[in-house]
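If you want the building blocks of each chain, they are given just below.
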Amino acid sequence: MAYVTQNFTYEHHAFMAFAFCCTCTILLYRDMTDVGTTAVVLWLGMCAAIAFTLVAGFTHWNWEYFEVPEIKNTPVLIWSLGNAARFGIYDFTGYYDVNFIGKEVKDPERTIPLAGVSTCIIVCIVYFLTYLSVMAFLPWDPAEGGYVALVQGEGNAAAYIMSTFCEKMIGRNFAIFFTFVVIYCIYGSCFSLMLGFAQIPYAASKAGMFLEMFGHEHPTKGFADYSLLFMGLFSCIFCFLDLGVVIEGMMTTNIVAMFLANSLSLVYHRWQHPDFDRPYEMPLYPLPVIIQVAMFSFIFLTSDNWIISGGTPLLELGLAFLFLGSLLFLLRSKKYNEWPFDSKHVRFDNCIMLERSTTYCSIDTEESSKKETDSSPESDEIAKAKKKLKGVAGMELQESGSLSIEKTSEKKHSSSSSYELSE
C-alpha cells in the first residue's frame, strides 16, 4: 500500500496491518459455511493474480538476467540460505491448515492427506514459477538499478516489487491497480492463516490440554468464538511491532514447537506404540522425518541470535518459548496429576476438571495396575485370588439382594393383609 500512498512511516504500516487483522476477525466470526465461501472467493482472486504474473514474466524473458556473479565465500552463502529460508517457509505456511479444521472436513482420512500433500506440491511449483517470471523480467544487478539495490536500501521499496514489475512493463496506473490485487491476495493469506491458527486453542481445550474457556462455541453458529477473538486480539497487538522481526520470530518458534517437535514426537510415538492402528501412512518412513529434522535444524541454527552474532535474539527467544511452554505443561500436569505425574490416588481442587481428571486417572490406574500385575512373578496367583474374591463378593451381593427382596415382599404381604382385615 505504501507504493500507492507513498507513505513509508511506521504508523502507516502498523495501522494498515491492524485494519487487516480486524476485518479478518470480523469475516471469520461467522458460520463455517460462510467462511468457506469467503475463502473460495479470495482463492479465485489469488489464482488470477498468479496467472497474470506467469504470463507476463514468461512472455518478457531475458536470459542475461540469470547470470550470477562469482561466489567468493561459499560458507557465507550456505549460511545465508538458512536465513532466507525462513521467509520461504512463511510463504508456504497454510498448506497444513486443513489439519486445524479436521472437525469440519468430510471424509478426513482421505481428504486431509490429499489436501496437505497436493497443496504443498502445487504451492511449490507456483512459488518457483512466480519467482522465475519476475527474475526473467527485472534485472537483479544493483549497478543497473536491479531489485537487489531495493533490498540493500533502507526504504521499503523491496516490499512492493510486484508493483515495480507492473510499472516497468505497462505503466504506473496499471501498477496501482495490480498493487490492490496483491493486497487482495495478502488479505486472503491472512484470512486463511487466522482461520487455521484460531482452531489450535479450541482443539487443545477440547482435548483437555488448554484453558477450558477456549473450548467455548458460539451459541447459535457453533464456531470457536473465544479462540478466534483471542487470536484476533493478539494479532492486532503484534501489528505494532516490526514486521520482519515478527515473521522471523514466528517462524523460528514454529520450527521448534511445530515442525521439529512433530517430527520427533512421531518417531517416539511409533517406537512406543508400534501396534496402534494408524489411518495415515508415511511413504519411505523414516527417511522423510530424517530429511525434515536435518533441514529445519539447519534453518533454526542459522536464526539471528544475540549470543553469537550480536543480532536480534530470535534463536534465544525460540528456545525460551519452548522452555516456557514445557514448563507450563509440566505445571498443569502436576496440578491435575497427569503424565508424567499421574498417580493412583488423586485429590481434586477444581470441581470443573473432576469428571475429565477422574476419567484420565481411572484409565491410568487401570493401566498401571495391569503393568504392576504383569511385572510381578506371582501375577497368575494374584489374578486368580482377585477373581475368586470378586466371585465371593458377587455371591454375597446376590444373597443379600435376594434376602432384601424377600423381606420387602413379606412387608408388602403383611400390609395388604392388615388392609383387608381393617375392611
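Numbering of residues starts from 1 in each chain and follows the order in which that chain's sequence is written. It should be noted that, the model being predicted, local features are given only for residues of pLDDT at least 70 and side-chain atom pairs only at 80 or more, the latter also being counted only at that level, while totals for whole chains, interfaces and linings use all residues. Neither water nor hydrogens contribute to the side-chain values; these are computed over all heavy atoms in the structure.

**Description of the overall build of the chain**
Here is step 1 of the chain: Along the chain, the regular secondary structure elements total 16 helices and zero strands.
Here is step 2 of the chain: Each residue's exposure class comes from its accessible area (1.4 Å probe, protein chains only) as a fraction of the maximum for that residue type: buried when under 20%, exposed when over 50%, partly exposed otherwise. Relative to its full complement of 423 residues, the chain shows a buried share of 27%.
Here is step 3 of the chain: The contacts of the chain with a sequence gap of at least 6 include a subset with a gap of at least 24, amounting to 65%.
Here is step 4 of the chain: Working definition of accessibility: Shrake-Rupley area with a 1.4 Å probe, residue cover restricted to the visible protein chains. Entry remark: accessible area of the chain is about 27800 Å², with carbon and sulfur atoms responsible for 67%. Think of it this way: any DSSP run of H or I at least four residues long counts as a helix, any run of E at least two long counts as a strand, and we number them from the N terminus. Whether two residues touch is decided by their heavy atoms; if any such pair falls within 4.5 Å, the residues are in contact.

**A look at the environment of Asp31**
Here is step 1 of the chain: Locating Asp31 in the fold gives a position in the loop between α2 (10-28) and α3 (32-58).
Here is step 2 of the chain: Put simply, Asp31 and His218 are 187 residues apart on the chain and 9.2 Å apart in space, counted from C-alpha to C-alpha.
Here is step 3 of the chain: Ignoring sequence-local partners within four residues, the contact set of Asp31 consists of Lys221 and Phe223.

**Some thoughts on helix α4 (residues 74-92)**
Think of an α-helix as turning once every 3.6 residues; residues three or four places apart then point the same way.
Here is step 1 of the chain: Between its first and last C-alpha atoms α4 spans 26 Å; for 19 residues at 1.5 Å apiece the expected length is 27 Å, and the two agree.
Here is step 2 of the chain: A residue's bend is simply the angle between two axes: one fitted to the seven residues ending at it, one to the seven starting at it. Along α4, the sharpest kink reaches roughly 30 degrees, centred on Ala84.
Here is step 3 of the chain: Burial in α4 covers these residues: Gly82, Arg86, Gly88, Ile89 and Phe92.
Here is step 4 of the chain: Buried residues in α4 make contact with α6 (108-137), α12 (243-272) and α13 (287-301). To estimate the expected span of a helix, count its residues, drop one, and scale the result by 1.5 Å.

**Observations regarding the pattern of salt bridges**
Here is step 1 of the chain: One speaks of a salt bridge when a side-chain nitrogen belonging to Lys or Arg is within 4 Å of a carboxyl oxygen belonging to Asp or Glu. Counted under the stated rule, the structure contains two salt bridges.
Here is step 2 of the chain: Glu217 is the partner of Lys206 in a salt bridge, and the nearest nitrogen-oxygen pair spans 3.9 Å. Remark: Glu217 occurs in the loop between α10 (199-206) and α11 (225-238) and Lys206 occurs in helix α10; sequence separation between them is 11 residues.

**Remarks on the confidence of the model for the chain**
For residues with low pLDDT, the predicted coordinates do not support detailed interpretation.
Here is step 1 of the chain: Predictor confidence is given residue by residue as pLDDT, running from a minimum of 0 to a maximum of 100. Residue-level pLDDT values for the chain average 77, and 79% of them are 70 or greater.
Here is step 2 of the chain: Looking at the elements of the chain, mean pLDDT is at its lowest for helix α15 (residues 354-375), recorded as 41, and at its highest for α11, recorded as 93.
Here is step 3 of the chain: Note that residues 345-379 has pLDDT below 50 and, in this model, 28 contacts with residues that lie over four places away or in other chains.
Here is step 4 of the chain: Every residue in residues 396-423 is under pLDDT 50, and counting partners more than four places away or in other chains gives zero contacts.

**Some thoughts on empty space enclosed by the protein**
Here is step 1 of the chain: Here a cavity denotes grid points, spaced 1 Å and computed from the protein atoms alone, that fit a 1.4 Å probe unable to get out, and a pocket denotes an open set having protein on both sides within 12 Å along at least 5 of 7 lines; residues with an atom within 4 Å of a point are the lining. Grid points are joined across faces, edges and corners, and a volume is the space filled by probe spheres set on the points. Evaluated as defined, the whole model comprises two cavities of 30 Å³ or more.
Here is step 2 of the chain: Space inside the largest cavity adds up to approximately 80 Å³.
Here is step 3 of the chain: Forming the boundary of the largest cavity are Leu28, Arg30, Met32, Val35, Leu195, Ala198, Gln199, Phe223, Ala224 and Leu228.
Here is step 4 of the chain: Classification used: nonpolar for Ala, Val, Leu, Ile, Met, Phe, Trp, Tyr, Cys and Pro, charged for Asp, Glu, Lys and Arg, polar for all others including Gly. Among the residues forming the lining of the largest cavity, the class breakdown is eight nonpolar, one polar and one charged.

**Looking at the environment of Cys166**
Here is step 1 of the chain: Examined against the element boundaries, Cys166 turns out to sit in helix α8 (residues 161-169).
Here is step 2 of the chain: Owing to a relative accessible area of 1%, Cys166 belongs among the buried residues under this scheme.
Here is step 3 of the chain: Taking C-alpha positions, Cys166 is 9.0 Å from Ala56, a pair spaced 110 residues apart along the chain.

**Concerning the packing of α4 against α13**
Here is step 1 of the chain: For helices, the axis comes from a line fit to the C-alpha atoms of the stretch in contact; other axes are also lines fit to C-alpha atoms, and the angle between any two N-to-C directions lies between 0 and 180 degrees. In contact at an axis separation of 8 Å, α4 and α13 are set at 105 degrees when each is read in the N-to-C sense. Judged by the inter-axis angle, α4 sits roughly perpendicular to α13. Note on element contacts: α13 touches α4 through Phe296, Phe298, Ile299 and Leu301, opposite Ile78, Trp79, Gly82, Ala85, Arg86 and Ile89.
Here is step 2 of the chain: Across the contact of α4 with α13, the residue classes tally to eight nonpolar, one polar and one charged. For classification, angles of less than 35 degrees are called roughly parallel, those exceeding 145 degrees roughly antiparallel, those between 65 and 115 degrees roughly perpendicular, and all remaining angles oblique.

**Describing the packing of aromatic side chains**
Here is step 1 of the chain: Here the aromatic set is Phe, Tyr and Trp, taking the six-membered ring for Trp, and pairing holds for ring centres within 6.5 Å; pairs whose planes are under 30 degrees apart are stacked, those over 60 apart are edge-to-face, and all others are tilted. Using the criterion set out here, one finds 23 aromatic pairs in the structure.
Here is step 2 of the chain: Ring centres of Trp61 and Phe66 lie 5.1 Å apart, and the angle between their planes is 20 degrees; this geometry places the pair in the stacked category.
Here is step 3 of the chain: Trp61 gets classed as partly exposed once you look at its relative accessible area, which sits at 26%.
Here is step 4 of the chain: In textbook terms, an aromatic cluster arises when at least three aromatic residues are bridged by ring pairs, as seen for Phe52, Phe174, Phe177 and Phe178.
Here is step 5 of the chain: Distance and angle both matter: a charge sits over a ring if NZ of Lys or CZ of Arg is within 6 Å of the ring centre and within 35 degrees of the ring normal. In this arrangement the basic side chain of Arg172 is found over the ring face of Tyr3, its NZ or CZ atom lying 4.6 Å from the centre.

**What to know about the side chain of Asp225**
Here is step 1 of the chain: Turning to its location among the elements, Asp225 is positioned in helix α11.
Here is step 2 of the chain: This count recognises Lys and Arg as positive and Asp and Glu as negative, with His and chain-terminal groups excluded. For the buried residue Asp225, which engages in no salt bridge, the nearest side chain bearing the opposite charge is Lys206, 9.4 Å off.
Here is step 3 of the chain: Once you skip the residues sitting within four places of it in the chain, Asp225 turns out to touch Tyr29, His216, Glu217, His218 and Pro219.

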